[in-house]
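An overview of the molecular structure
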Amino acid sequence: MKGYRYVTIEREYASGGAQVGQLVGQALGVPVYGREILEMAAQEGGTTPEYMEHLEETDTNSLLYSLVAMAKTTQGQLPQISQTDQLNLLESQIIQRLAQEGPCVLVGRCAGWVLRERQDVLQVFVHADRETRLRRAQEEYGVSPDKAPAVLHRYDHRRSNFYHANTGRSWSRREGYHLVLDSGLLGVELCARIVEGAVQASREA
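Throughout what follows, the structure given in this document is the object of discussion. (Residues numbered from 1 in each chain as written. Predicted model: local features only at pLDDT ≥ 70, side-chain atom pairs only at ≥ 80, totals over all residues. Heavy atoms only, no water.)

Take the side chain of Thr167 next. Tracing the chain through its elements places Thr167 in helix H8 (residues 148-167). With relative accessibility at 4%, the residue Thr167 sits in the buried group. Looking at Thr167, its side chain comes within polar contact range of the main-chain nitrogen of Arg169, at 3.0 Å. (Helix = DSSP H or I, 4+ residues; strand = E, 2+ residues; numbered from the N terminus. Buried < 20%, exposed > 50% of the residue type's maximum accessible area, 1.4 Å probe, protein only. Polar contact = N/O pair within 3.5 Å; in protein donor to acceptor, adjacent residues only side chain to side chain.)

Structure follows, in C-alpha cells:
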C-alpha cells in the first residue's frame with residue numbers, strides 16, 4: 001500500500017483530538033490506539049495506568065537520556081534508567097509492534113516521534129481556543145466549571161513535558177507536524193475529514 005499507512009495525533013486537552021482519531025479510524029477502517037497503549041505498557045510493566053500517569057507528572061528524567069544509558073550496556077556499563085523511562089521505552093516498543101501489525105491511528109504517546117523514521121506516517125496536531133476547550137471539558141468530560149481551567153493547564157502541561165522529555169522538541173510547534181488543525185474553528189468532524197482526505201490523496205498520488 002502506497003501513501004500514508006499510519007496517522008499519529010497529538011492534541012491539546014479537550015480539543016477533541018481523540019474523537020478526531022476515532023472518526024479517522026472508522027473512515028479508513030483501521031484500528032485506533034490511544035490510552036490502550038498506556039494500558040498495554042502498564043500491564044506488561046506490571047503496574048497500573050494511573051501509576052504510570054503519576055510517574056509522568058513527577059519524574060523529570062528524559063527518555064533520550066535513557067536511550068544513551070541503555071547503549072552503555074554494550075560497553076559493559078550498568079545503565080541508570082528511571083522506572084518512568086523504562087515504562088516509556090516499553091510504550092515505544094508497543095507502538096512499533098502495533099505498526100508492524102498494519103495501518104492504524106495512534107493518539108498521543110509521542111507516536112509520531114517513535115515512528116519518525118518511516119515515510120508513511122501522517123503526523124497531526126489538534127488544538128482549539130480556550131473557550132471551546134473549557135466548554136468541552138465541562139460538557140463532555142464532566143469537569144466542574146470552577147476546576148476546568150486548572151484541569152486544562154494540568155493536562156496540557158503534562159503532555160508538553162512528556163513530549164519534550166521523550167523527543168527533545170516542543171509539543172506544540174507546528175514544525176513537528178504535517179497537519180495542524182483548529183477543531184474549535186473547523187469542528188471535530190471536518191478535522192477528521194481533512195485527515196482522512198490527506199491519507200486517501202496520498203494513496204492516489
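Anyway, onward from the coordinates.
A word on the sheet that holds strand E3 (residues 104-107). The sheet built from 5 strands is open, its strands ordered E2-E3-E1-E4-E5 with parallel pairing. Of all strands in the sheet, those bounded by a partner on one side alone are strand E2 (32-33) and strand E5 (179-182). As paired strands, strand E1 (residues 6-11) and strand E4 (residues 121-127) are joined by 6 bridges and run parallel to one another. Looking at E4, one finds that Ile9 is bridged to Val124. Seen against the sheet, helix H10 (residues 188-204) touches E1, E4 and E5 and runs at an angle of roughly 160° to E5. (Pairing = 2+ DSSP bridges. Contact = heavy atoms within 4.5 Å. Axes fitted to C-alpha atoms, helices over the stretch in contact; angles between N-to-C directions.)

Residues Cys104 and Leu106 line one face of E3 and the alternating positions Val105 and Val107 line the opposite face, and both faces are buried. Pairing of E1 with E3 involves 4 bridges; the strand directions are parallel. Of the residues in E3, the one forming a bridge with Ile9 is Val107. Judged from the 2 bridges that link them, E2 and E3 form a sheet pairing that is parallel. Within E3, the position partnered with Tyr33 by the bridge is Leu106.

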